[in-house]
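# Inside the fold
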Amino acid sequence: MVIASDDATFGYPGVPNLAAPPGMHTWILQKLIGRMKAAELIFTGKAISARQADEWGLITRAVPLDRLRDETLALARELAALSPLALKRTRAFMYALEDMPFSDVPEAALEAVSSAFDSADSKEARLAFNEKRAPVWIGK
């Protein structure tokens, strides 16, 4: 996740400035915004604004510079309050889905959810929900 100040810019100046491709960014950028938009950014080296990067899905959100620290810390606190095991498993699942054929997704999703329900954190989440209290995570 990326929170950027609304005065930030993003670009890939490798082709015009180094006469070289930006390497791994090419693969990642095409996945995020599609080949056409990625080609424009990579070939021209032109920078885009944080607002444009936000609209294209390159960043999580753009915020005023004077709110950047507070917004970033708020997101960090929100994530820190969640089960570390659930975050780790969900992140791994999201990355696995990137290259998975859609026909394999239902089985992978069922496996991900089923295996998570056996964890102590998942059991604690359900118990805390029923008891209307905040969960206490143990990361297992």
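My aim in this report is to walk through the structure given alongside it, one point at a time. (Residues numbered from 1 in each chain as written. Predicted model: local features only at pLDDT ≥ 70, side-chain atom pairs only at ≥ 80, totals over all residues. Heavy atoms only, no water.)

Here we take up the overall build of the protein chain. Broken down by element type, the protein chain carries eight helices and four strands. Of the regular secondary structure in the protein chain, the N- to C-terminal order runs β-β-α-α-α-β-α-β-α-α-α-α. Expected size for 140 residues packed as a compact globule is a radius of gyration near 14 Å; at 20 Å, the protein chain overshoots this value by more than 25%. By the burial criterion, 21% of the 140 residues in the protein chain qualify as buried. (Helix = DSSP H or I, 4+ residues; strand = E, 2+ residues; numbered from the N terminus. Rg over C-alpha atoms; globule rule 2.2 N^0.38 Å. Buried < 20%, exposed > 50% of the residue type's maximum accessible area, 1.4 Å probe, protein only.)

Residues Leu-29, Ile-33, Leu-41, Leu-58 and Ile-59 are the most contacted members of the largest nonpolar core, which totals 13 residues. Mapped onto this core, the elements with two or more residues apiece are α2 (24-33), α3 (35-44) and α4 (50-56). The leading source of residues in this core is α3, at three residues. Discounting chain neighbours no more than four positions away, the residues touching Ile-59 are Val-2, Ala-4, Phe-10, Ala-50, Ala-53 and Asp-54. (Core = buried A, V, L, I, M, F, W, Y, C linked by side-chain atoms within 4.5 Å. Contact = heavy atoms within 4.5 Å.)

The next thing to look at is the pattern of salt bridges. Tallied over the full model, the rule gives seven salt bridges. The shortest N-O distance in the salt bridge between Asp-6 and Arg-51 comes to 3.2 Å. Taken together, the residues span a long stretch of sequence, with Asp-6 in the loop between β1 (3-5) and β2 (9-10) and Arg-51 in helix α4 at a distance of 45 residues. Taken together, the shared-partner salt bridges in this structure form one network comprising Arg-61, Arg-67, Asp-70 and Glu-71. (Salt bridge = Lys/Arg side-chain N within 4 Å of Asp/Glu carboxyl O.)

Attention shifts here to the side chain of Ser-83. If you trace the backbone, Ser-83 turns up in the loop between α5 (68-80) and α6 (84-98). In this structure the side chain of Ser-83 is engaged in a polar contact, spanning 3.0 Å, whose partner is the backbone nitrogen of Ala-86. Among residues more than four places away in sequence, those in contact with Ser-83 are Asp-121 and Trp-137. (Polar contact = N/O pair within 3.5 Å; in protein donor to acceptor, adjacent residues only side chain to side chain.)

Here Lys-132, not a glycine, exhibits a phi torsion of approximately 55°, which is positive. Positionally, Lys-132 belongs in the segment after α8 (120-130). Accessibility expressed as a relative area gives 76% for Lys-132, which makes it exposed.

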